[in-house]
Amino acid sequence: SQFASQPGGSGGGRQSGHFRDIFSDLFSGFRGGGGQGGGFRPRPGKGADVESRIRISFMDAVRGAQRSINVSRQVNGQGTAQRTERFKVNIPAGVSDGSRIRLAGKGSPGPDKGPAGDLFLRVEVERHPYFGREGNNITLQVPLTFEEAALGTKVEVPTIDGPTTMKIPPGTQGGQKLRLRGKGVPSRKKGGKRGDQIVQVKIVVPRLRDERSKEILDEFAELNPQKPRQGLWS
């Protein structure tokens, strides 16, 4: 080649000097040396994320709500001082116990005026007096009298939307679960459907207070013989 035929000539020196100039200009930019582009400057770092907790009621978790919360976070990126700030938080409908809500840019400020981190709120849902929750289903236990379960009836039960009337089929057994479709928790997935309300029956056995009641039950047993334990342990 041209360079091989002139190992000690001035052409090789000019060529190698040309490459040295290119690399010198390139690296001087990374070192911050004053090229026309102003040199390379590292991007300011992002601030630290902050985690706190928010305690909400069962109904707020199911329906969604807006709440205010006080959070202590750093004033600057060096962590030399802290202050307490108050934020408004939108609780999405259907949030569950233990899940996290993210507030972008509400964490600690970044160093060198960098972007702030995020604030993550760990959700704690309070227990409800009579409602429970399994996924997106609401659970409820409903007591029935012996005669209501045997004969069937209609009872009013609570739901998260308000009271509704529920039909109890004749011969309903203790522990049996009945379903109210669409009366559960709204799904957080886009286009998701609401869950159901699962009603578990609890039969309340009457306390007999007189002889006549006992006679009636004895007569009932003779007319409706049952062997509920037959075959269970054989």
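The rules behind the values
- Residues numbered from 1 in each chain as written.
- Predicted model: local features only at pLDDT ≥ 70, side-chain atom pairs only at ≥ 80, totals over all residues.
- Heavy atoms only, no water.
- 1 Å grid on protein atoms, 1.4 Å probe; cavity = no way out; pocket = protein on both sides within 12 Å on 5 of 7 lines; lining within 4 Å.
- Points joined across faces, edges and corners; volume = space filled by probe spheres on them.
- Helix = DSSP H or I, 4+ residues; strand = E, 2+ residues; numbered from the N terminus.
- Nonpolar A, V, L, I, M, F, W, Y, C, P; charged D, E, K, R; others polar.
- Patch = residues over 30% accessible without salt bridge, like charges linked within 9 Å, V, L, I, M, F, W, Y side chains within 5 Å.
- Areas by Shrake-Rupley, 256 points an atom, 1.4 Å probe, with all protein chains shown as cover.
- Salt bridge = Lys/Arg side-chain N within 4 Å of Asp/Glu carboxyl O.
- Buried < 20%, exposed > 50% of the residue type's maximum accessible area, 1.4 Å probe, protein only.
- Polar contact = N/O pair within 3.5 Å; in protein donor to acceptor, adjacent residues only side chain to side chain.
- Pairing = 2+ DSSP bridges.
- pLDDT = per-residue confidence, 0-100.
- Contact = heavy atoms within 4.5 Å.
- Core = buried A, V, L, I, M, F, W, Y, C linked by side-chain atoms within 4.5 Å.
- Axes fitted to C-alpha atoms, helices over the stretch in contact; angles between N-to-C directions.

A. Spotlight on the layout of surface pockets. Taken as a whole, the largest pocket spans an internal volume of roughly 250 Å³. Lining of the largest pocket is provided by Phe146, Ala149, Ala150, Gly171, Thr172, Gln173, Ile203, Phe220, Asn224 and Gln226. Per element, the largest residue contribution to the lining of the largest pocket is 3 residues, and it comes from helix α3 (residues 146-151). Among the residues forming the lining of the largest pocket, the class breakdown is 5 nonpolar, 5 polar and no charged. If you add up the space inside the second largest pocket, you get close to 190 Å³. Taken together, 13 residues form the lining of the second largest pocket, with Phe58, Asp97, Val125, Gly132 and Arg133 sitting closest to its centre. Contributions of two or more residues to the lining of the second largest pocket are made by α2 (58-63) and β6 (132-134). Broken down by class, the residue content of the lining of the second largest pocket amounts to 5 nonpolar, 4 polar and 4 charged.

B. Fine view of a nonpolar patch on the surface. Taken together, the side chains of Phe146, Leu208, Leu217 and Phe220 define a hydrophobic patch exposed on the protein surface, amounting to about 310 Å² of accessible area. Along the chain, Phe220 falls in helix α4 (residues 211-223).

C. Local environment of unusual backbone geometry. At Asp112, a residue that is not glycine, the phi angle is positive and equals roughly 55 degrees. Following the sequence through the fold, Asp112 ends up in the loop between β4 (100-103) and β5 (119-125). With a phi angle near 65 degrees, Lys113 is a residue other than glycine that sits in the positive phi range. As for its position among the elements, Lys113 is in the loop between β4 and β5. A relative accessible area of 84% places Lys113 in the exposed class.

D. Structural context of the environment of Asn90. Considering the arrangement of structural elements, one finds Asn90 in strand β3 (residues 82-91). Spatially, the C-alpha atom of Asn90 lies 7.6 Å from that of Gly64, the residues being 26 residues apart in sequence. At 3.0 Å, the side chain of Asn90 forms a polar contact with the side chain of Gln66.

E. Quick look at the pairing of strand β10 (residues 177-180). Of the two faces of β10, only one is covered, namely that formed by Leu178 and Leu180; the face formed by Lys177 and Arg179 stays uncovered. Inspection of the sheet shows β10 paired to strand β11 (residues 197-204) by 4 bridges, in the antiparallel sense. Bridging from a neighbouring strand, Lys177 pairs with Gln200 of β11.

F. Fine view of the confidence of the model for the protein. Mean pLDDT for the protein: 84, with 80% of residues reaching 70 or above. Taken as a whole, residues 1-9 scores under 50 in pLDDT and shows 2 contacts with residues more than four places along the chain or in a different chain.

G. Molecular detail of the nonpolar core. One finds Ile54, Ile56, Val89 and Leu121 to be the most contacted residues of the largest nonpolar core, which totals 34 residues. Excluding residues that lie within four positions of it along the chain, Ile54 makes contacts with Arg67, Ile69, Val89, Ile91, Leu121, Arg122, Val123 and Glu124.

H. Structural detail: the sheet that holds β10. The sheet built from 4 strands is open, its strands ordered β6-β7-β11-β10 with mixed pairing. Of all strands in the sheet, those bounded by a partner on one side alone are β6 and β10. Averaged over all pairs of adjacent strands, the angle between strand axes in this sheet comes to 35 degrees, irrespective of strand direction. Where strand β7 (residues 137-145) and β11 come together, 8 bridges link them in parallel fashion. When the bridges of β11 are listed, Thr145 appears paired with Val204.

I. Just the side chain of Asp60, in detail. As for its position among the elements, Asp60 is in helix α2. A distance of 2.7 Å separates a polar atom in the side chain of Asp60 from a polar atom in the side chain of Arg67. Residues in contact with Asp60, not counting those within four places in the same chain, are Ala65, Arg67 and Ile91.

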